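# A closer look at the structure
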Amino acid sequence: METREKAGAGSIVPAGQRALVVRSAALVARGLRDLTRDSNWVVKKIFTGYSSALAISGLGHVCFISREFQRGGQYRTGDFGQRVVVYDVELSTPMLALSVPNETAVGSQDLAAAFAWSPTTRFLVAAWAGWQAALHSFDLHGKMFLGTFGEFGIVPKHLAWSGTEKYFAEACSGGKQACLRLWRVRDDGMSPGGPLYGQPTSELSVPGWLERQTYEAEFGEDGAFAGYGRTVFSPDEKTLASVVEIHGDWADDSIALLAVPTLKKKNAFQAQGHITDLCWTHDGKKIVYCAAGQAYGLAAETLNFEPLPFGAELCVCHPHLPLCICYSSWLKNSAKGRLFLVDMNRMEVLDEYAADGVVNLRWSSDGAKAYAATQHGMAYIYEPTLL
């Protein structure tokens, strides 16, 4: 006779072991890995030599100029001519070299380049002086070249995607020939040229509201408009923040806040010194910018600003938490700089690591880790224990 009672809804009953094992496997692996190191930063070597332009994707793929990647796809030490290469930082392996039509061999000279990964990491837009003077679009999921758009006279200073891949921006220097261009992504799934093609939706040349900072007869180009630099979309994609660069060692750059997609001026803020980087906080209320080695916070609505209690040349805010990864090339009592994590609410440095020559920072797409890469081929991966 059956004497066991059936468990009712909400009752505590024995559970099988398999589900627990599956759920805890990742945590166990992470815990064992953390026991083997003293820091939350993992350091890896990507390439030997030097590359001044590189960009990291939200999946930890880095695009840069390499002299070690052969056309057959092998990666080995030596000079085989420069190529634009994609490398997987996590796996420490090269993925592919990007090819374009009518590509010619490029020597050892360091040519200007700019790269921008889309937030989903599917698309990459690249500009390189070794290619045709136009923006080149690639589908990295399909591993294919999509085409060119946006011809230019000078290689862009900065390229940027908006958060949902709805817009794309190009910032160029060149004084009176400088421009800021914006494209609305028009991919309907049928375009052979990919999501970006044709003429820009809007364009801005020399800003009419900008006043020269010095007299031309006395200082020449110093104090005059030099072009557009670091450019970033706000989280809601309604505003584009772009650095307005000024000629001269002692000149002061500005931050232009422009409406998207028209690029009409919403506001402008003059900083002190040259601005090397800027980013939006996750809520879109503030801009963190770096000027003359010092970090500042700027309220997007009121333009009230304050110096932050740390120096930095590069910064990138977490996608949904009040955290910011920064890099400073100078560390007190050291010949090296440092990478560090800041709690933006308490303005407290939570973690730091010695580093040198960092040129690009990026949070992963899910915000679980951060990446940094140097011009000498070192990669730093930040994996916090709890985030």
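This text goes with the structure placed above it.
Quick caveat, the model's predicted, so the values are computed rather than measured. Throughout, residues of each chain are indexed from 1 in the direction in which the sequence is written. Under the rules for a predicted model, residues below a pLDDT of 70 receive no local features and side-chain atom pairs below 80 are neither given nor counted, while totals for whole chains, interfaces and linings still include all residues. By convention in this description, side-chain values take in all heavy atoms of the structure and omit both hydrogens and water.

## Some words on the sheet that holds strand S9 (residues 144-149)
DSSP calls a pair of strands paired once it identifies at least 2 bridges connecting them. By definition, any uninterrupted DSSP run of H or I lasting at least four residues is a helix, any uninterrupted run of E lasting at least two residues is a strand, and each is numbered from the N terminus. The strand order S6-S7-S8-S9 describes an open sheet built from 4 strands, whose pairing is antiparallel. The strands lining the two open edges of the sheet, one partner per strand, are strand S6 (113-117) and S9. Strand-to-strand, the axes of this sheet are offset by a mean angle of 20 degrees, without reference to chain direction. Throughout, an axis means a line fitted to C-alpha atoms (over the contacting stretch in the case of helices), and angles, computed between N-to-C directions, take values from 0 to 180 degrees.

## So, the pattern of salt bridges
Definition used for salt bridges: Asp or Glu carboxyl oxygen within 4 Å of a side-chain nitrogen of Lys or Arg. Counted under the stated rule, the structure contains 10 salt bridges. Put simply, Lys-369 and Glu-90 hold a salt bridge, and the shortest N to O gap is 3.1 Å. A residue pair is termed long-range when its members are at least 10 positions apart, and Lys-369 in the loop between strand S26 (358-363) and strand S27 (370-374) and Glu-90 in the loop between strand S4 (83-88) and strand S5 (93-98) qualify at 279 residues. Remark: exposure states derive from per-residue accessible area (1.4 Å probe, protein chains only) relative to the maximum for the residue type, with buried under 20%, exposed over 50%, and partly exposed in between. Residue Lys-369 is classed as buried on the basis of its relative accessible area of 18%. According to the relative accessible area criterion, Glu-90 is partly exposed, its value standing at 26%. For the salt bridge of Arg-230 with Asp-277, the shortest nitrogen-to-oxygen distance reads 2.8 Å. One end of the pair, Arg-230, is in strand S14 (residues 225-233); the other, Asp-277, is in strand S18 (residues 275-280), and 47 residues separate them in sequence. In this structure Arg-230 comes out as partly exposed when scored by relative accessible area, which is 27%. One network of salt bridges, in which partners are shared, links Glu-90, Lys-369 and Glu-383.

## Thoughts on the pairing of strand S3 (residues 61-66)
Within S3, 6 of the 6 residues are buried, which leaves the element mostly enclosed by the surrounding structure. In S3, alternate side chains face the same way, and those of His-61, Cys-63 and Ile-65 on one face and Val-62, Phe-64 and Ser-66 on the other are all buried. Bridge count for strand S2 (residues 54-56) against S3 is 3 bridges, and the pairing is antiparallel. Bridged to Ala-55 within S3 is Cys-63. From the end of S2 to the start of S3, which pair antiparallel, there are 4 residues, and Gly-60 there has a positive phi angle of about 85 degrees. Note: S3 against S4, 6 bridges, orientation antiparallel. Each bridged residue has a counterpart across the sheet, and for Val-62 the counterpart in S4 is Tyr-87.

## Considering the packing of aromatic side chains
Aromatic contacts are taken between Phe, Tyr and Trp rings whose centres are within 6.5 Å, Trp giving its six-membered ring; a plane angle under 30 degrees counts as stacked, one over 60 as edge-to-face, and the others as tilted. The tally for this structure, following the rule as stated, stands at 19 aromatic pairs. Summarising the aromatic geometry, the rings of Trp-131 and Phe-138 are spaced 5.8 Å apart at their centres and angled 45 degrees between planes, so their arrangement reads as tilted. The class for Trp-131 is buried, based on a relative accessible area of 8%. Pairing Phe-149 with Phe-168 gives two aromatic rings, centres 6.1 Å apart and planes at 70 degrees, and the pair type is edge-to-face. With a gap of 19 residues between them, Phe-149 in strand S9 and Phe-168 in strand S11 (residues 167-171) connect regions that are remote in the sequence. Cluster of aromatic residues (ring-pair linked, three or more members): Phe-123, Phe-149, Trp-161, Phe-168 and Trp-183.

## Here we look at the sheet that holds strand S17 (residues 265-270)
Judged by pairing direction, the sheet is antiparallel, and its 4 strands sit side by side in the order S14-S15-S16-S17 without closing on themselves. The two strands at the open ends of the sheet, each matched to only one other strand, are S14 and S17. Adjacent strand axes in the sheet meet at a mean angle of 25 degrees, parallel and antiparallel pairs treated alike. In the sheet, strand S15 (residues 239-246) pairs with strand S16 (residues 254-259) via 6 bridges, with the strands oriented antiparallel. The residue of S16 that forms the bridge with Val-243 is Ile-255.

## What to know about unusual backbone geometry
Trans peptide bonds make up most of the peptide bonds, and negative phi angles are found at most residues other than glycine. Pro-261 follows Val-260 through a cis peptide bond whose omega is 10 degrees. Looking at the element boundaries, Pro-261 is found in the loop between S16 and S17. In the Ramachandran plot, Glu-165 falls in the positive-phi region, its phi being about 65 degrees despite a non-glycine side chain. Position of Glu-165 relative to the elements: it lies in the loop between strand S10 (158-161) and S11. On the basis of relative accessibility, which here comes to 13%, the residue Glu-165 falls in the buried class. We note that Met-347 has phi near 55 degrees; this positive angle belongs to a residue other than glycine. As for its placement among the helices and strands, Met-347 is situated in the loop between strand S24 (337-343) and strand S25 (348-355). For Met-347, a relative accessible area of 25% corresponds to the partly exposed category.

## A closer look at the layout of surface pockets
The pocket and cavity definitions rest on a 1 Å grid over protein atoms only: a 1.4 Å probe that fits but cannot leave marks a cavity, an open set with protein on both sides within 12 Å along at least five of seven lines marks a pocket, and residues lining either have an atom within 4 Å of a point. Grid points are joined across faces, edges and corners, and a volume is the space filled by probe spheres set on the points. Its volume calculated, the second largest pocket comes out at about 270 Å³. Taken together, 13 residues line the second largest pocket, and the ones lying closest to its centre are Lys-176, Arg-212, Glu-221, Ala-224 and Phe-225. In terms of residue class, the lining of the second largest pocket is made up of 5 nonpolar, 3 polar and 5 charged. Put simply, Ala, Val, Leu, Ile, Met, Phe, Trp, Tyr, Cys and Pro go in the nonpolar bin, Asp, Glu, Lys and Arg in the charged bin, and everything else, Gly too, in the polar bin.

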